[in-house]
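Results of the structural survey
Below, each chain spelled out in residue letters.
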Amino acid sequence: ARAHSALGQEAKAAPAWKAALAGGEPYASAAAWDLARKSMRGSERAATRKKMAEFHTRYPKDSQADDAAYYLGWLHLQDGQHDEAVKAFDVLFEKFPRSSLRDDAAWFQALARIEQGNFKDARRLLEAFVKGYPRSQLVPQAKYWAIRAQQLDNPKADVAEAYATLIKDAPETWYALLASTRLHELGKTPPVGFPESPRVRANVDAAKMPELALARELSAAALFPEASEEVAFRIRAVKGAKPALELGHALAGIELHGDAYALAARHLWGQAYTRKDPEALALLYPRAYSDSVEQGATRASVAPSFVWAIMRRESAFKPSALSHADARGLMQLIPPTAREIAKTLGETAPAPADLFSPGVNVRYASWYLGKLLERFGHPALAAAAYNGGPSAVARWVKQAGAQPLDLFVEKIPYKETRRYVKKVLSDAHLYRSFYGDGDAKAAPLALELPAPSVKGIDF
């Protein structure tokens, strides 16, 4: 059934699904789950809700049963059925007390109350969330929306200090950016999240490190995969922040930014975000391949900060990055998209291998980002389109109506795209505040979403 379905042979898949459903465990539950997920990818929301409800009722001991209860609540929320969403999430709490989805469900329960306009109940749920799930990655958003619920309930409430505290506590997050924007809206100056901008470590010269001589030559020859292989064992041997900083800055100095970033992500996370060490921040927010980025961004009228933010999320600064979907290079372009860009520019299409070249990859991706910004008029929508596709984003904006940016982003249907937009915009904000790339004094993030142009880039 799975093989036929993957090949688009639904007529042949149907009897196989039927046989699997009648075949007893574990085949029946596996087939039921596959069919429920298949339905979820389609447009029959009512049918999907029915399948999810039947699944967690019929197969309560299956490892996917809590997922079914969660998705049922999520689908109700997407369709504006807020009371039903709250009840579905209550089922998750009652029947699956050890589910890893409990904090997500608790958050979406609160979001349902916000959408209903029940701001007091939403604030109560969000404050309980912070106390009940203190180690959850969702704490910054629970804090932001608790403040926002208070503000919506009482527009005269004094919330400036709460927003400022959120910025100080979680300066690298999307919610710090939103808090900063809300403070601007109140006529207040947001606090600085990081006291010092990223700083290259002094007295680190890779040219004087004989152990990096070969990696230096390979990188200079643009043989980035080979250079990364050469330093891999040295990275694995690092223990502790001090040697990580030393090696990381040496690697960045020979343009192995991806390896330096990976090293910092493994060893310097606390150093950067808790201690706010500028040398650690420099490895996590590098101005990688700056010549290519600044040239490509200038030609496309895109802020370099936005290009670096996309690059950070797409490839973690590795020019040799290759995904299962054949997305290539720093900005993860797929060959068909590159061919369309080349056709529009009136150029010969680059060979797929050419997309691993930083210059080619960044130039094409910057042009594409510029066209997305032209069509959608907002960096959040452009980032969503880069990840989820222009057609999907145009549909989401139409369905959302007049929702403000913060609420729109929380309800992006694709979980991957929802996370992507939050990370890209927060990263772009940090790059801009750290380095001032020409738009450092730009207006705060617009909270009102424009209507996308009907015409414009659609690939």
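One structure accompanies this document, and this report is about it. (Residues numbered from 1 in each chain as written. Predicted model: local features only at pLDDT ≥ 70, side-chain atom pairs only at ≥ 80, totals over all residues. Heavy atoms only, no water.)

1. Notes on the overall build of the protein
Applied cut-off: Under the DSSP-based scheme used, a helix requires at least four consecutive residues in state H or I and a strand at least two consecutive residues in state E, with every element numbered from the N terminus. Here a residue-residue contact requires only that any non-hydrogen atoms of the pair lie within 4.5 Å. Here, Shrake-Rupley sampling with a 1.4 Å probe gives the accessible areas, and only protein chains in the shown set may cover a residue. Counted as positive: Lys and Arg. Counted as negative: Asp and Glu. His and the chain ends are not counted at all. Every charge is mapped to an atom, namely NZ of Lys, CZ of Arg, CG of Asp or CD of Glu.
Of the regular secondary structure elements, the protein holds 25 helices and zero strands. Sequence-distant contacts in the protein: of pairs separated by 6 or more residues, those separated by 24 or more amount to 58%. Carbon and sulfur atoms provide 51% of the accessible area of the protein, an area that totals close to 22100 Å². For the protein, the separation between the mean place of its 61 positive charges and that of its 52 negative charges on side chains is 3 Å.

2. With respect to the pattern of salt bridges
Worth spelling out the cut-off: Salt bridge, as used here, is a side-chain nitrogen of Lys or Arg placed within 4 Å of a carboxyl oxygen of Asp or Glu. For every residue, the accessible area obtained with a 1.4 Å probe (protein chains only) is divided by the maximum for its type, and the residue is called buried under 20%, exposed over 50%, and partly exposed between those limits.
Enumeration according to the criterion identifies 22 salt bridges in this entry. Here aspartate 34 ties to arginine 2 by a salt bridge, and the two come within 2.4 Å at their closest N and O atoms. Taken together, the residues span a long stretch of sequence, with aspartate 34 in helix 3 (residues 27-40) and arginine 2 in helix 1 (residues 2-6) at a distance of 32 residues. Of the residues examined, arginine 2 reaches a relative accessible area of 56% and is grouped as exposed. The closest approach of N and O atoms between lysine 422 and glutamate 410, which form a salt bridge, is 3.0 Å. Here the residue lysine 422 occupies a position in helix 25 (residues 415-435), and glutamate 410 occupies one in helix 24 (residues 405-410), the gap between them amounting to 12 residues.

3. Comments concerning the nonpolar core
Condition: Residues enter a nonpolar core if they are buried and are Ala, Val, Leu, Ile, Met, Phe, Trp, Tyr or Cys, with the set joined through side-chain atoms within 4.5 Å.
Core analysis: the biggest nonpolar cluster contains 148 residues, and Trp174, Met311, Met331, Tyr386, Phe408 and Leu425 have the highest contact counts within it. In this view, methionine 331 contacts Val307, Ile310, Met311, Glu314, Asn361, Val362, Ala365, Leu369 and Tyr386; residues no more than four positions away in its chain are not counted.

4. Things to note about the packing of aromatic side chains
Heads up, the rule is: Pairs were defined over the aromatic rings of Phe, Tyr and Trp, the Trp ring being its six-membered one, requiring ring centres within 6.5 Å. Orientation was assigned from the angle between planes: stacked under 30 degrees, edge-to-face over 60, tilted for the rest. Each ring is checked for a lysine NZ or an arginine CZ that lies within 6 Å of its centre and within 35 degrees of its normal; such an atom marks a charge sitting over the ring.
Enumeration according to the criterion identifies 28 aromatic pairs in this entry. Both rings, one in tryptophan 107 and one in tryptophan 145, keep their centres 6.4 Å apart while their planes meet at 40°; by these two values the pair is tilted. You can see tryptophan 107 sitting in helix 7 (residues 102-116) and its partner tryptophan 145 sitting in helix 9 (residues 139-153), a full 38 residues away along the chain. Accessibility expressed as a relative area gives 2% for tryptophan 145, which makes it buried. The ring of phenylalanine 194 carries lysine 276 above its face, with NZ or CZ at 5.8 Å from the centroid. The lysine or arginine in question, arginine 312, covers the ring of tyrosine 285, its NZ or CZ lying 4.0 Å from the ring centre.

5. Focus: the environment of alanine 327
As for its placement among the helices and strands, alanine 327 is situated in the loop between helix 19 (304-314) and helix 20 (335-345). Taking C-alpha positions, alanine 327 is 36 Å from lysine 168, a pair spaced 159 residues apart along the chain. Setting aside its immediate chain neighbours within four residues, alanine 327 contacts Ala321, Leu322, Gln332, Leu333 and Ile334.

6. A short note on the environment of alanine 394
Considering the arrangement of structural elements, one finds alanine 394 in helix 23 (residues 390-400). With 64 residues separating them along the chain, alanine 394 and aspartate 458 place their C-alpha atoms 9.7 Å apart. Apart from the residues lying within four places of it in its own chain, the contact partners of alanine 394 are Arg375 and Phe376.

7. Comments concerning the packing of helix 21 (residues 358-376) against helix 23
Under the convention used in this document: What counts as an axis is a line fitted to C-alpha atoms, over the stretch in contact for a helix, and the angles between N-to-C directions run from 0 to 180 degrees. Roughly parallel here means an angle under 35 degrees, roughly antiparallel means over 145, roughly perpendicular means 65 to 115, and every remaining angle is called oblique. Here is the rule for handedness: rotate from the far helix to the near one, and if that takes an anticlockwise turn smaller than a right angle the crossing is left-handed, while a clockwise turn gives right-handed. For this classification, Asp, Glu, Lys and Arg are treated as charged, while Ala, Val, Leu, Ile, Met, Phe, Trp, Tyr, Cys and Pro are nonpolar and the rest, including Gly, are polar.
Relative orientation of the contacting elements helix 21 and helix 23 amounts to 20°, with a least axis distance of 12 Å. Regarding the angle of helix 21 to helix 23, the classification is roughly parallel. By crossing handedness, the relation of helix 21 to helix 23 is classed as right-handed. Here Tyr368, Leu372, Arg375 and Phe376 of helix 21 come into contact with helix 23, specifically with Pro390, Val393 and Ala394. Split by residue class, the contact of helix 21 with helix 23 holds six nonpolar, no polar and one charged.

8. Some words on helix 9
This is how it is decided: By definition here, a helix of n residues has an expected span of 1.5 Å times n minus one.
Helix length check: helix 9, at 15 residues, gives a terminal C-alpha distance of 21 Å against a target of 21 Å (1.5 Å per residue), a fit within 8%. In terms of burial, helix 9 is a largely internal element, 11 of the 15 residues being buried. Where helix 9 is buried, its residues meet helix 7, helix 8 (119-132), helix 10 (160-169), helix 11 (174-185), helix 24 and helix 25.

9. Some details on helix 12 (residues 213-220)
To be explicit about the condition: For this quantity, the arc is that covered by the directions from the helix axis to the C-beta atoms.
All of the buried residues along helix 12 are Ala215, Leu218 and Ser219. Buried residues of helix 12, seen end-on, are gathered within an arc of 100° and therefore sit on one face of the element. Exposed and facing more than 90 degrees away from the buried side of helix 12 are Glu217 and Ala220. Where the residues of helix 12 are buried, they touch helix 13 (224-236). Once helix 12 finishes, alanine 222 follows within two positions and takes phi at roughly 65°, a positive value.

10. Here's the deal with the packing of helix 9 against helix 11
Helix-helix packing: each pair is described by the crossing angle between the helix axes and the interaxial distance. Orientation of helix 9 relative to helix 11, taken along the N-to-C sense of each, is 25°, at an axis distance of 9 Å. One element, helix 9, and the other, helix 11, form an angle in the roughly parallel class. Relative to helix 11, the crossing made by helix 9 is left-handed. On helix 11, the residues that touch Pro140, Gln141, Tyr144, Trp145, Arg148 and Gln151 of helix 9 are Tyr175, Leu178, Ala179 and Arg182. For the contact of helix 9 with helix 11, a count of residues per class yields six nonpolar, two polar and two charged.

11. Description of the side chain of arginine 418
Within the secondary structure, arginine 418 sits in helix 25. Despite its burial, arginine 418 pairs with no opposite charge, the nearest such side chain being glutamate 410 at 5.4 Å. When neighbours within four sequence positions are excluded, arginine 418 is seen to be in contact with Trp74, Phe108, Val409, Glu410, Lys411, Ile412 and Pro413.

12. Description of unusual backbone geometry
Here the amide bond leading from glutamate 25 into proline 26 is cis, since omega sits at 5°, within 30 degrees of zero. Tracing the backbone shows proline 26 in the loop between helix 2 (10-21) and helix 3. One non-glycine residue with positive phi stands out, namely serine 301, at about 55°. Its location among the elements puts serine 301 in the loop between helix 18 (290-300) and helix 19. According to the relative accessible area criterion, serine 301 is exposed, its value standing at 68%. A positive phi angle is found at aspartate 326, which is not glycine, with a value near 70°. Along the polypeptide, aspartate 326 turns up in the loop between helix 19 and helix 20.

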